[in-house]
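Structural description and commentary
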Amino acid sequence: MIILDYNQVVLSNIFAFQADLIRNAKQEKVEESINIIRHAVLSSIKFYKKKYGKEYGELVIACDGRNYWRKEVFEYYKAGRAKARDKSDLDWKFVFETLSNIREDLEKYFPYKVLHLERCEADDVVAVLTKWTQSNGYIQQGLMEEPQKVLIVSSDKDFKQLQKYSNVRQWSPMQKKFVEGGKLGEYLIEHTVRGDGGDGIPNIFSKDDVFINAEDRQTAVTAKKLARFMELGKDACENDEQRRNWDRNQTLVDFEFIPEDVSKTIIDSYENKKVLGDKMSVMNYLIKNKCHLLLDELEDF
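Read on for an overview of the structure. (Residues numbered from 1 in each chain as written. Predicted model: local features only at pLDDT ≥ 70, side-chain atom pairs only at ≥ 80, totals over all residues. Heavy atoms only, no water.)

**Observations concerning helix 12 (residues 279-288)**
Side chains three or four residues apart in an α-helix point the same way, a direct result of the helix having 3.6 residues per turn. Quick note on the threshold: Three exposure classes are used, based on accessible area relative to the maximum for each residue type with a 1.4 Å probe and protein chains only: buried under 20%, partly exposed in between, and exposed over 50%. In this text, helices come from DSSP runs of H or I with a minimum length of four residues, and strands from runs of E with a minimum of two, each type numbered from the N-terminal end. Here the arc refers to the set of directions running from the helix axis out to each C-beta atom. For the purposes of these results, a polar contact is taken to be a pair of N or O atoms within 3.5 Å, where, inside protein, one atom must be able to donate a hydrogen and its partner to accept one; residues adjacent in sequence count only when each atom of the pair is a side-chain atom.
Restricting attention to buried positions, one finds in helix 12 the residues Ser281, Val282, Tyr285 and Leu286. On an axial view of helix 12, the arc spanned by its buried residues comes to 135°, and they lie on one face. More than 90 degrees from the buried face of helix 12, the exposed residues found are Met280 and Lys288. Where helix 12 begins, the side chain of Asp278 points an oxygen toward the backbone nitrogen of Met280, at a separation of 3.2 Å.

What follows is the structure, encoded as structure tokens:
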């Protein structure tokens, strides 16, 4: 199984065309920008399907849904992302609307399962399906049945924790190399202590709203402090506030804390999802949208 983190993979490709998109926006060339984004999406998917499909099998597209469950746990989760994008010259509203429309096209016309679910992020889809393969969807290897190989296509470092499973590898489109898992226990402890600034998760020594309060800064995580947590884990917390923040961060970053109802939603959707597209519908879609270069590589989809 190839599990492709839709936004992560596509955005890493779109950045290569950022100057073109900004120029088109100034000249009001909307269709040209849509075509650029569509080509970036389809080229990325085709590339990974062609290169890894024979070894890993079906391709599943994992998408961010709405109303993430993590926002229910922590109100400031990813709260600073919109503010950061407002500073960019790129019209992010247009980009995400276009990606949403193309995601719907992928579901209708292409031979892939596209999972876009309420309260679920792509991270959840990747993590839950990877765990599901450990006891489901076995493949025959000689006389033995084994868990199918899983290739995660994403640059998100959170997926390192899934390499605790021997059948899992991760390819980073941004770094253009396979991601090494390292020591899982140490990675999760450090990730819990440090939080994740990109997702608006503070370190365990800082206030909940530190990333949206312009007058505030995180308390530094020194090497000495981190070493103590590496040795003792949560027992290194010195007060109730640190213990509370540890629990908060662990729930947000450790995939073992994905709620059972979220996991069930993902598995049910995967198992019951009907693939609607075939080669004919892909061909008609490419013709309709004037993707002439991709038509020559129709068999790779």
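**Focus on the sheet that holds strand 2 (residues 59-62)**
This is how it is decided: Two strands are said to pair when DSSP picks up at least two bridges between them. Throughout, a contact is declared for two residues whenever any of their heavy atoms are within 4.5 Å. Interaxial angles span 0 to 180 degrees and are taken between N-to-C directions of axes, which are lines fitted to C-alpha atoms, for helices over the stretch in contact.
Strand order in this open sheet of 6 strands is 3-2-1-6-7-8, and the pairing throughout is mixed. Edge positions in the open sheet fall to strand 3 (113-115) and strand 8 (177-178), since each of these has one partner strand only. As judged from the 3 bridges shared by strand 1 (residues 2-5) and strand 6 (residues 150-153), these two strands associate in the parallel manner. Counterpart to Ile2 in the pairing with strand 6 is Leu151. Packed on one face of the sheet, helix 1 (residues 6-14) meets strand 1, strand 2 and strand 6 and runs near 65° to strand 1.

**Some words on the packing of helix 8 (residues 184-194) against helix 9 (residues 223-232)**
Applied cut-off: In these notes the angle categories are as follows: under 35 degrees is roughly parallel, over 145 is roughly antiparallel, 65 to 115 is roughly perpendicular, and the rest is oblique. By definition, turning the near helix anticlockwise from the far helix through less than a right angle yields a left-handed crossing, and turning it clockwise yields a right-handed one.
In contact at an axis separation of 10 Å, helix 8 and helix 9 are set at 130° when each is read in the N-to-C sense. When the axes of helix 8 and helix 9 are compared, the pair comes out oblique. You can see that helix 8 and helix 9 cross each other, and the crossing is right-handed. Across the interface between the two elements, Glu186, Ile189, Glu190, Val193 and Arg194 of helix 8 pack against Leu226, Phe229 and Met230 of helix 9.

These values are about where atoms sit, not about what they do.
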